[in-house]
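Next come the chains, spelled out residue by residue.
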Amino acid sequence: MAISATASANVPIRHHVGTAFDPAGHELYTESHWISEKDGAHERLILFKCPDGKAFARKHVEDAGQALAPLFDLDDGRFGYREGVRIASNGKREVFVRRSAEQSEQSALLESDPRLVVDAGFDRFIVKHWDALVEGRKQSFDFLLPSRLRTYAFVLIPLGSDQIDGTPVLRFRLELDAWFGFALPLINMAYVRDSKVVREYIGVSNIRGNDGKNLKVRIVFPDAATAEVVDERSLASAESARLDGHCAL
């Protein structure tokens with residue numbers, strides 16, 4: 001599910017880097033994104049690096065006909081953790097998770113669900129419902145949690161306008177749409193009003209700490225205007241990078 005050489009040769013590859021901090025403000029990791037778009041379809045490669053620059057995890061995301069529920073594959077080289085969504089042998093989509101290199105993989109077929117949102121498909125969901133969100137209307141959807149092999153009902157709540165370093169943003173809060181929603185840490189996000197891209201994320205990460213639990217992070221992304229346009233050599237380097245980072249997260 002990597003961005004293909006053919007695609008990279010025909011369309012620009014945009015590159016930007018987000019930095020994740022712990023609640024005390026210490027840098028945990030960076031996530032470098034390579035994104036290409038052709039005929040409305042997105043492909044994305046994300047390389048996660050320790051503060052010392054060594055890569056430890058990689059994720060591929062591909063629309064594959066479903067912009068809100070893309071295929072993806074996350075591989076964390078520190079303990080062999082893997083999760084994602086793929087096409088099963090029967091042609092249906094299935095979610096899978098392997099919690100460590102020593103454990104066997106678990107999987108489950110995904111039922112057809114028009115409300116389904118998967119991984120980076122959340123960004124596309126934001127864009128699709130942007131006008132309603134600007135008007136202050138809540139949006140409900142079913143979000144896949146691969147580690148639990150199932151979806152949960154969530155609600156996205158607009159919190160109004162703000163600014164980050166002079167850039168106008170729209171803030172949101174993501175909550176579990178159930179009575180037990182209090183059990184999930186609040187997730188807060190800010191998206192740039194002009195470009196509709198994420199500027200800040202505060203909540204649980206899909207990256208796990210050394211204790212196996214999802215990290216609580218604040219991820220700061222650059223303004224979309226600062227994204228570089230790179231060639232396939234940059235992408236190839238990210239694809240071949242060894243996942244040998246062992247930062248203490």
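Coordinates for the structure precede this section.
Each chain has its residues counted from 1, following the order in which its sequence is written. Under the rules for a predicted model, residues below a pLDDT of 70 receive no local features and side-chain atom pairs below 80 are neither given nor counted, while totals for whole chains, interfaces and linings still include all residues. Based on all heavy atoms of the structure, the side-chain values leave hydrogens and waters out of the count.

**Q** Please explain the overall build of the protein as it appears in this structure.
**A** A tally of regular secondary structure across the protein gives 4 helices and 16 strands. Radius of gyration means the value over C-alpha atoms here, while the globule rule gives 2.2 Å times the residue count to the 0.38 power. In terms of overall dimensions, the protein is globule-like: its C-alpha atoms have a radius of gyration of 18 Å, near the 18 Å expected for 249 residues. If you line up the protein on its principal axes, its C-alpha atoms span 45 × 40 × 40 Å. Only protein chains enter the area calculation, which uses a 1.4 Å probe; residues under 20% of their type maximum are buried, those over 50% are exposed, and those in between are partly exposed. For the protein, buried positions account for 47% of its 249 residues. Contacts were defined at the residue level, with two residues in contact if any of their heavy atoms lie within 4.5 Å. The contacts in the protein between residues at least 6 apart in sequence include a share of 44% that link residues at least 24 apart. Under the scheme used here, helices are H or I runs from DSSP no shorter than 4 residues and strands are E runs no shorter than 2 residues, and both carry numbers assigned from the N terminus.

**Q** Explain the nonpolar core here, please?
**A** As used in this record, nonpolar core signifies buried Ala, Val, Leu, Ile, Met, Phe, Trp, Tyr and Cys residues forming a set joined through side-chain atoms within 4.5 Å. With 48 residues, the main nonpolar core has Tyr29, Phe56, Phe122, Phe141, Leu156, Phe172 and Met189 as its most contacted residues. Per element, the largest residue contribution to this core is 4 residues, and it comes from strand 12 (residues 167-176). By size, the runner-up hydrophobic cluster in this structure holds 9 residues, among which are Trp34, Leu45, Leu47 and Ala238.

**Q** Help me understand the pattern of salt bridges in this model?
**A** Opposite charge on two side chains permits pairing when their charged atoms draw close. Take a side-chain nitrogen of Lys or Arg and a carboxyl oxygen of Asp or Glu: if they are within 4 Å of each other, that pair is a salt bridge. Going through the model one piece at a time under the given rule, you end up with 14 salt bridges. One salt bridge connects Arg124 with Asp63, and the closest N-O pair in it is separated by 2.9 Å. Taken together, the positions of Arg124 in helix 2 (residues 121-128) and Asp63 in the loop between strand 4 (55-62) and strand 5 (71-76) put the pair 61 residues apart, joining distant regions of the chain. One salt bridge in this structure joins Asp165 and Arg199, with 3.9 Å as the shortest N-O distance. Taken as a pair, Asp165 in the loop between strand 11 (150-164) and strand 12 and Arg199 in strand 14 (residues 198-208) lie far apart in primary sequence, 34 residues in all. On the basis of relative accessible area, Arg199 is assigned to the buried category, the value being 8%.

**Q** Hey, could you run me through the side chain of Ser100 in this one?
**A** Within the secondary structure, Ser100 sits in the loop between strand 7 (93-98) and strand 8 (106-109). If we skip the residues at most four places from it in the chain, Ser100 touches Phe79, Gly80 and Tyr81.

**Q** Help me understand the state of the cysteines in this model?
**A** Covalent bonding between the sulfur atoms of two cysteines is what defines a disulfide. When two cysteine sulfur atoms are found within 2.5 Å, that pair is recorded as a disulfide. Per the stated rule, a full pass over the model turns up 1 disulfide. What pairs with Cys50 in a disulfide is Cys247, and their sulfur atoms sit 2.1 Å apart. The sign of the S-S torsion, about -70°, decides the handedness of the disulfide formed by Cys50 and Cys247: left-handed. With a gap of 197 residues between them, Cys50 in the loop between strand 3 (41-49) and strand 4 and Cys247 in the segment after helix 4 (232-240) connect regions that are remote in the sequence.

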